[in-house]
Amino acid sequence: MTDVQTEFTPSEEEAVHSPIADVEGDAESAAPADLDREGDIAADYIEELLDIADIDGDIDIDTRNGRAYISVNAEEGTNLRLLSKPDTVAALQELTRLAVQNQTGGFSRLILDIAGSRDARQAELATLVDRAIARLEEGSAEASLPAMSSYERKLVHDIVSERGYVSNSRGEGRDRHTVITAA
């Protein structure tokens, strides 16, 4: 059985400013009520999928930075890890976005996390950035990272900035990637 919990806790700054210009150019933000609805639809979709696959998981819904975040977690040793591989999470996220779009008629920017997969990916991205910075410190003028999604590029831009370097995105579509240079 799947347990669904909803949590909406925007900070005062998030309520006043919504700095969520999509990295791919969509500067519109969804209203909190729309994000709540999007999260509920997504959670229902994921809950049904977990029930069909007989996979245990607790679903948490959160909205922040103009996106609905759906997290699926379970106790250690459960079969949820079957869905936590990065490619599987990405595919399920796209299917969930399509389910939301089908019901709302609007594009969804929701983020799906299964069993901590987002934290694991963020750690991988930090390692990629560290390797790229090492190449810069060895004398390279710039360091390119592999193509990745707009969400992952945003995470990379944040990591690069924290480390005191500059980054920008280059390329189009699936080939869009991040290039890092010294400040």
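Below: a short report on this structure. (Residues numbered from 1 in each chain as written. Predicted model: local features only at pLDDT ≥ 70, side-chain atom pairs only at ≥ 80, totals over all residues. Heavy atoms only, no water.)

## Some words on the overall build of the protein chain
Part 1 of the argument: Check the secondary structure of the protein chain and you find five helices and seven strands.
Part 2 of the argument: Each helix (α) and strand (β) of the protein chain, taken in turn from the N terminus, gives the series β-α-α-β-β-α-β-α-β-α-β-β.
Part 3 of the argument: Within the protein chain, the proportion of its 183 residues that are buried is 37%.
Part 4 of the argument: Partitioning the intrachain contacts of the protein chain with sequence separation of at least 6 by distance along the chain shows that 61% fall at a separation of at least 24.
Part 5 of the argument: Split by element, the accessible area of the protein chain, about 10600 Å² in all, is 47% carbon and sulfur. (Helix = DSSP H or I, 4+ residues; strand = E, 2+ residues; numbered from the N terminus. Buried < 20%, exposed > 50% of the residue type's maximum accessible area, 1.4 Å probe, protein only. Contact = heavy atoms within 4.5 Å. Areas by Shrake-Rupley, 256 points an atom, 1.4 Å probe, with all protein chains shown as cover.)

## Some points on the layout of surface pockets
Part 1 of the argument: Empty space within the largest pocket amounts to approximately 760 Å³.
Part 2 of the argument: Along the wall of the largest pocket there are 26 residues; nearest its centre are Ala-90, Glu-94, Met-148, Ser-149 and Ser-150.
Part 3 of the argument: Those elements that place two or more of their residues in the lining of the largest pocket are helix H3 (86-104), helix H4 (117-137) and helix H5 (150-162).
Part 4 of the argument: Examining the composition of the lining of the largest pocket, we find that seven residues originate from one element, H3, more than from any other. (1 Å grid on protein atoms, 1.4 Å probe; cavity = no way out; pocket = protein on both sides within 12 Å on 5 of 7 lines; lining within 4 Å. Points joined across faces, edges and corners; volume = space filled by probe spheres on them.)

## Some words on the packing of helix H2 (residues 32-53) against H3
Part 1 of the argument: In contact at an axis separation of 9 Å, H2 and H3 are set at 125° when each is read in the N-to-C sense. Considered as vectors, H2 and H3 are oriented oblique to each other. Crossing of H2 over H3 shows right-handed handedness. For the pair H2 and H3, the contacting residues are Arg-37, Glu-38, Ile-41, Ala-42, Tyr-45, Ile-46 and Leu-49 in the first and Leu-92, Leu-95, Thr-96, Ala-99, Val-100, Gln-103 and Thr-104 in the second.
Part 2 of the argument: Looking at side-chain class alone, the contact of H2 with H3 contains nine nonpolar, three polar and two charged residues. (Axes fitted to C-alpha atoms, helices over the stretch in contact; angles between N-to-C directions. Parallel < 35°, antiparallel > 145°, perpendicular 65-115°, else oblique. Left-handed = near helix turned anticlockwise from the far one by under 90°. Nonpolar A, V, L, I, M, F, W, Y, C, P; charged D, E, K, R; others polar.)

## Considerations on the pattern of salt bridges
Part 1 of the argument: A full pass over the atoms with the stated rule returns seven salt bridges.
Part 2 of the argument: Three or more residues are tied together by salt bridges with common partners; here these are Arg-121, Glu-124 and Glu-152. (Salt bridge = Lys/Arg side-chain N within 4 Å of Asp/Glu carboxyl O.)

## Notes on the packing of aromatic side chains
Part 1 of the argument: Counted according to the given criterion, the structure contains zero aromatic pairs.
Part 2 of the argument: Cation over ring: Arg-64 sits above Tyr-69, and NZ or CZ is 3.7 Å from the ring centre. (Phe/Tyr/Trp six-rings, centres within 6.5 Å; stacked < 30°, edge-to-face > 60°. Lys NZ or Arg CZ within 6 Å of the ring centre and 35° of its normal.)

## Quick look at the side chain of Gln-93
Part 1 of the argument: Here Gln-93 lies in helix H3.
Part 2 of the argument: Owing to a relative accessible area of 7%, Gln-93 belongs among the buried residues under this scheme.
Part 3 of the argument: Residues in contact with Gln-93, not counting those within four places in the same chain, are Leu-110, Ile-111, Leu-112 and Arg-118.

## Structural notes on the sheet that holds strand S5 (residues 143-147)
Part 1 of the argument: One open sheet accounts for three strands, arranged S5-S7-S6; its pairing is antiparallel. With one partner strand each, in any of the chains shown, S5 and strand S6 (165-170) form the two edges of the open sheet. Along the sheet, successive strands turn relative to each other by an average axial angle of 20°, direction set aside.
Part 2 of the argument: Sheet topology places S5 next to strand S7 (residues 177-182); three bridges connect them, and they run antiparallel. Considered in S7, the bridge of Ala-147 is made with His-177.
Part 3 of the argument: Against the sheet, H4 contacts S5, S6 and S7, and its axis sits at roughly 155° relative to S5.
Part 4 of the argument: In the packing of H5 onto the sheet, contacts are made with S5, S6 and S7, and the angle to S6 comes to roughly 160°. (Pairing = 2+ DSSP bridges.)

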